[in-house]
Amino acid sequence: MKRQTTLHSDAFNGQAKRFKRNNGAGSSHSTVRVWTANSIVSGMNLHTDRVQNITRALSKWKSVTAQTPERHSNTYTISSTPFVSTVPSLDRSQEIVIAEAIKGRSLFITGSAGTGKTFTLLKLIRTLRSQGKQVAVTASTGCAAVAIRGSTIHSFLRLGMGNLSLSKARAITDANVSFQRLLQKTDTLVVDEVSMIEGHLFDLMDVVCTTARKCNSSHKPGEYDVNLCNNTRATFGGLQIIVCGDFFQLPPVRSKSSNLCFAFESAAWKETNLQVHVLPRAHRQSCNSFVGMLGEVRRGILSQYTRRVLNASVIGTRNLQPELSRKGDMLQFTKLFPLRAQAQSENMYRLNALPGFTVRYKSQFFSIKGQNSQNEFGSVECLIDLKQGCPVLCTKNIDESKGLVNGTSGFVVGFVRANKWNKNPCRNLLTESQARDLVDSAQGSHGSILSNHITGKMPAILPAVLFDNGTYSIVCTATWDKSDSAGQLVARVPQIPLILGWAVTIHRSQGMSLSLVETDLSHAFDFGQAYVALSRCKSAQGLRIRGYGPGSFRVHPKVVEYYSLHAS
Ligand SMILES: Nc1ncnc2c1ncn2[C@@H]1O[C@H](COP(=O)(O)OP(=O)(O)OP(=O)(O)O)[C@@H](O)[C@H]1O
């Protein structure tokens, strides 16, 4: 007999009912459990205004149906809206990219935000590995590396801070035989978010690969050992190079005094003869006029129409559409800040203001081969504090088929005992004293802090999260892995794949898809920052702008020139 769990928003009697139901075409009966909005909320022990908000959010749902609780890699889905989603398939231009990669071509995959560059890259890596290729997966930043399950380019190529001279990098590589072997075995080097790689760093990458693979000096095409370098060029020691990113997005982090030099200006880039693929189709946003508007922001040339749309998103809320104003009262806008300190202080301020106890998740780093450090997982928070009622964002693709991907937002309904997930989670939410019996507790300045130490096993207490797409999940530990180029695990960090969702930095938001975004562009200080912030949002209706000024939409002229010549 099949059991279904149904959440009825319009039945406010607070009772969980059981009844028999004819199961569609077949004649078998199934037991259906009905949870009402009130039964969920009454189990939550929240403040009245929060209860009202949540009750209203829940009452938006018509009827929420899910199968018997399913176990996924790191969630147990208890109930969900009829969220119809399949794992997306590649579009035509994404397929072409993969076909070219299979042929062994070196590629630059680019395109506007949300055109599926990273999505394509992940499929490409899987495809090449399934063909027996050794693929080294790297990215310019820790966040971007985590998103594609790779390392930072700095750590993979032993580049330190990336400011070595070319001759020093050559000497260090010459002295490290095991590192040379690693690179000699590698077939493909993948680099995501290349816009944040500085020109000198790109040349360093070339020198290190060329030296390690015993090819002749860099930047001299034609002089290389044909046994190792089976491509028709010398750069990167004959490795297949696949770089991905959008130079209209964030540029390299640099000191105020240094000149901005993009990767495409480097000698190695110019000599590598990368095949350029511009992905044309926006997948993050579905509304053409919003996609068009973002296209103008990307190039820093705003039409009257775009200015009108931006102005309509600027708050004081009087310009917001009435429906959005109402939604805004109960749904959580994610604030995107240019600076990390701004995002952290907003999150801590809001968390401390929430009543109730804090559940803390402390992660424990594991290095399989001993030479990695937790710093390489820079974007995975060691400490995550959550409270009942706090908004959260997924930091990982937990279950794409349920829409739980990096950036999906929701809020913590409460906490459950890890081994009690299959009961009605709303009736089994832990009280503070129950929770205190399960984990270490201490008194913080804003109430109790209950600490879970995550050592690879399931923590004792798990958060129950209601995601904005209607999926209701107990979120379990996820792991962030670092592999070598053969795909062998070398280091791992387990952590709850959630962060506080009141605010994140624009840098951290890169790669995310968000439904409701609030940002203050008047403080955007770098090229592409405003574009990254706005392009996280799936629709113009979900956008709130605190302000913007004449300098908010700066685009570097060298980027405009590069794209007009090579990637239009
Ligand atoms: N072919 C596709 N069909 C459906 N959805 C897709 C497809 N390709 C990508 N997506 C979805 O579009 C969203 C954006 O994809 P992705 O993050 O890869 O874009 P991106 O170009 O790397 O964006 P950004 O430059 O902002 O980091 C993701 O939710 C992804 O799952």
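Residues numbered from 1 in each chain as written. Predicted model: local features only at pLDDT ≥ 70, side-chain atom pairs only at ≥ 80, totals over all residues. Heavy atoms only, no water.

Overview of the overall build of the chain
Stage number 1. The helix and strand tally for the chain stands at 18 helices and 28 strands.
Stage number 2. Across the chain, the fraction of contacts at a sequence separation of at least 24, relative to all contacts at a separation of at least 6, is 72%.
Stage number 3. Accessible surface, the chain: about 24200 Å² in total, of which carbon and sulfur atoms supply 49%. (Helix = DSSP H or I, 4+ residues; strand = E, 2+ residues; numbered from the N terminus. Contact = heavy atoms within 4.5 Å. Areas by Shrake-Rupley, 256 points an atom, 1.4 Å probe, with all protein chains shown as cover.)

Thoughts on the sheet that holds strand β27 (residues 517-520)
Stage number 1. A sheet is described by the order of its strands in space; here four strands give the open sequence β26-β13-β27-β28, paired in parallel fashion. Looking at which strands have only one partner, the edges of the open sheet turn out to be β26 (503-505) and β28 (543-547). Ignoring which end each strand starts from, the neighbouring axes of this sheet average 25 degrees apart.
Stage number 2. In terms of strand pairing, strand β13 (residues 334-337) meets β26 through three bridges, oriented parallel. Paired with Lys-335 across the bridge in β26 is Ala-503.
Stage number 3. Packing of helix α14 (residues 340-353) onto the sheet brings it into contact with β13 and β26, and relative to β26 it is tilted by some 165 degrees. (Pairing = 2+ DSSP bridges. Axes fitted to C-alpha atoms, helices over the stretch in contact; angles between N-to-C directions.)

Here we look at the packing of aromatic side chains
Stage number 1. In the structure shown here, the tally under the stated rule is 16 aromatic pairs.
Stage number 2. With a centroid separation of 5.0 Å and an interplanar angle of 75 degrees, the aromatic rings of Phe-108 and Trp-269 are classed as edge-to-face. Of the two residues, Phe-108 is situated in strand β7 (residues 107-111) and Trp-269 in helix α10 (residues 267-272); the sequence distance between them amounts to 161 residues.
Stage number 3. Classification of Phe-108 as buried rests on a relative accessible area of 0%.
Stage number 4. Considering the side-chain rings of Phe-202 and Trp-269, the 5.3 Å spacing of their centres and the 50 degrees angle between planes classify their relative orientation as tilted. Pair noted here: Phe-202 is in helix α9 (residues 199-212) and Trp-269 is in helix α10, with a separation of 67 residues, a long-range link. As far as the burial class goes, Phe-202 and Trp-269 line up, both buried.
Stage number 5. For the cation-ring pair, Arg-544 lies above Phe-333, with the distance from its terminal atom to the ring centre recorded as 4.0 Å. (Phe/Tyr/Trp six-rings, centres within 6.5 Å; stacked < 30°, edge-to-face > 60°. Buried < 20%, exposed > 50% of the residue type's maximum accessible area, 1.4 Å probe, protein only. Lys NZ or Arg CZ within 6 Å of the ring centre and 35° of its normal.)

Some remarks on the environment of Gly-116
Stage number 1. On the secondary structure map, Gly-116 appears in the loop between β7 and α4 (117-130).
Stage number 2. Overall, Gly-116 belongs to the buried group, its relative accessible area being 14%.
Stage number 3. It is 8.1 Å that separates the C-alpha atoms of Gly-116 and Arg-284, two residues lying 168 residues apart in sequence.
Stage number 4. If near-sequence neighbours (up to four positions away) are discounted, Gly-116 is found in contact with Gln-94 and Leu-279.

Points about the site of the ligand
Stage number 1. The environment of the ligand is formed by 20 residues, the closest being Ser-89, Gln-94, Lys-117, Phe-119 and Arg-536.
Stage number 2. Between an oxygen atom of the ligand and a side-chain N or O atom of Lys-117, the distance comes to 2.7 Å.
Stage number 3. Here the ligand, which alone exposes 630 Å², has 84% of that area covered by the protein.
Stage number 4. If one sorts the elements of the shell around the ligand by residue count, α4 sits on top with three residues.
Stage number 5. Classifying every residue of the shell around the ligand gives four nonpolar, 11 polar and five charged. (Near = heavy atom within 4 Å. Polar contact = N/O pair within 3.5 Å; in protein donor to acceptor, adjacent residues only side chain to side chain. Nonpolar A, V, L, I, M, F, W, Y, C, P; charged D, E, K, R; others polar.)

Focus on the pattern of salt bridges
Stage number 1. Applying the stated criterion across every chain, the model contains 11 salt bridges.
Stage number 2. Two residues, Glu-95 and Arg-92, come together in a salt bridge whose shortest N-O distance is 3.2 Å. With Glu-95 and Arg-92 both in helix α3 (residues 92-102) and three residues apart, the pair spans about one turn of that helix.
Stage number 3. Assessed through its relative accessible area of 37%, Glu-95 is described here as partly exposed. (Salt bridge = Lys/Arg side-chain N within 4 Å of Asp/Glu carboxyl O.)

Details of the pairing of strand β8 (residues 135-139)
Stage number 1. Here β8 lies mainly inside the structure; five of its five residues are buried.
Stage number 2. The two faces of β8 match: Val-135, Val-137 and Ala-139 on one face and Ala-136 and Thr-138 on the other face are all buried.
Stage number 3. Strand direction decides the pairing type here: β8 and strand β10 (residues 188-192), joined by five bridges, are parallel. Bridge pairing links Val-137 to Val-190 in β10.
Stage number 4. Looking at chain direction, β8 and strand β9 (residues 151-152) are connected through two bridges and run parallel.

Regarding the packing of helix α7 (residues 166-174) against α9
Stage number 1. Contact pair α7 / α9: the axes reach a minimum separation of 9 Å and the direction vectors enclose 30 degrees. The two elements α7 and α9 cross, and the hand of that crossing is right-handed. When α7 is examined against α9, the residues Leu-166, Ala-169, Arg-170, Thr-173 and Asp-174 are found in contact with a partner set consisting of His-200, Asp-203, Leu-204, Val-207, Val-208, Thr-211 and Ala-212.
Stage number 2. Partitioned by chemical class, the residues of the contact of α7 with α9 number six nonpolar, three polar and three charged. (Left-handed = near helix turned anticlockwise from the far one by under 90°.)

Observations regarding helix α12 (residues 304-313)
Stage number 1. Looking only at α12, the buried set comprises Thr-306, Val-309, Leu-310 and Ser-313. All buried residues of α12 lie within an arc of 100 degrees about the axis, which places them on one face of the element. Among the exposed residues of α12, those pointing more than 90 degrees away from its buried face are Gln-304 and Arg-308.
Stage number 2. Its buried side turned inward, α12 meets α11 (288-299), α17 (529-535) and β28. (Arc of directions from axis to C-beta.)

Describing the nonpolar core
Stage number 1. Membership of the largest hydrophobic core comes to 40 residues, with the highest contact counts inside it found for Leu-157, Leu-189, Phe-202, Met-205, Phe-247 and Trp-269.
Stage number 2. Elements with a contribution of two residues or more to this core: α6 (153-156), α8 (177-185), β10, α9, β11 (240-244), α10 and α18 (557-566).
Stage number 3. Among the elements that take part in this core, α9 stands out by supplying seven residues, more than any other.
Stage number 4. With near-sequence residues (within four places) excluded, Phe-202 lies in contact with Val-194, Ile-197, Phe-236, Val-243, Ala-263, Ser-266, Ala-268 and Trp-269. (Core = buried A, V, L, I, M, F, W, Y, C linked by side-chain atoms within 4.5 Å.)

Some remarks on the environment of Tyr-548
Stage number 1. Relative to the assigned elements, Tyr-548 resides in the loop between β28 and α18.
Stage number 2. Since its relative accessible area comes to 22%, Tyr-548 is described here as partly exposed.
Stage number 3. Each C-alpha atom, one on Tyr-548 and one on His-523, is 7.8 Å from the other, the two residues being 25 residues apart in sequence.
Stage number 4. Of the polar contacts made by the side chain of Tyr-548, one reaches the side chain of Asn-311; its length is 2.8 Å.

Concerning the confidence of the model for the chain
Atomic detail in the predicted coordinates should be set aside for any region of low pLDDT.
Stage number 1. In this model, the chain carries an average pLDDT of 75, and 71% of its residues clear a pLDDT of 70 or more.
Stage number 2. Low confidence marks residues 216-233, where pLDDT is under 50. Its contacts with residues over four positions away, or in another chain, come to 45 contacts.
Stage number 3. Taken over the whole predicted complex, pTM reads 0.69, whereas the ipTM for its chain interfaces reads 0.99. (pLDDT = per-residue confidence, 0-100.)

A closer look at the sheet that holds strand β14 (residues 358-363)
Stage number 1. The four strands are arranged β16-β14-β20-β19 in an open sheet whose pairing can be described as mixed. In this open sheet, the two strands that pair with only one neighbour each are β16 (383-387) and β19 (440-444). Averaged over all adjacent pairs, the angle separating strand axes in this sheet is 30 degrees, with direction ignored.
Stage number 2. Pairing between β19 and strand β20 (residues 447-454): five bridges, direction antiparallel. When the bridges of β20 are listed, Ser-441 appears paired with Leu-450.

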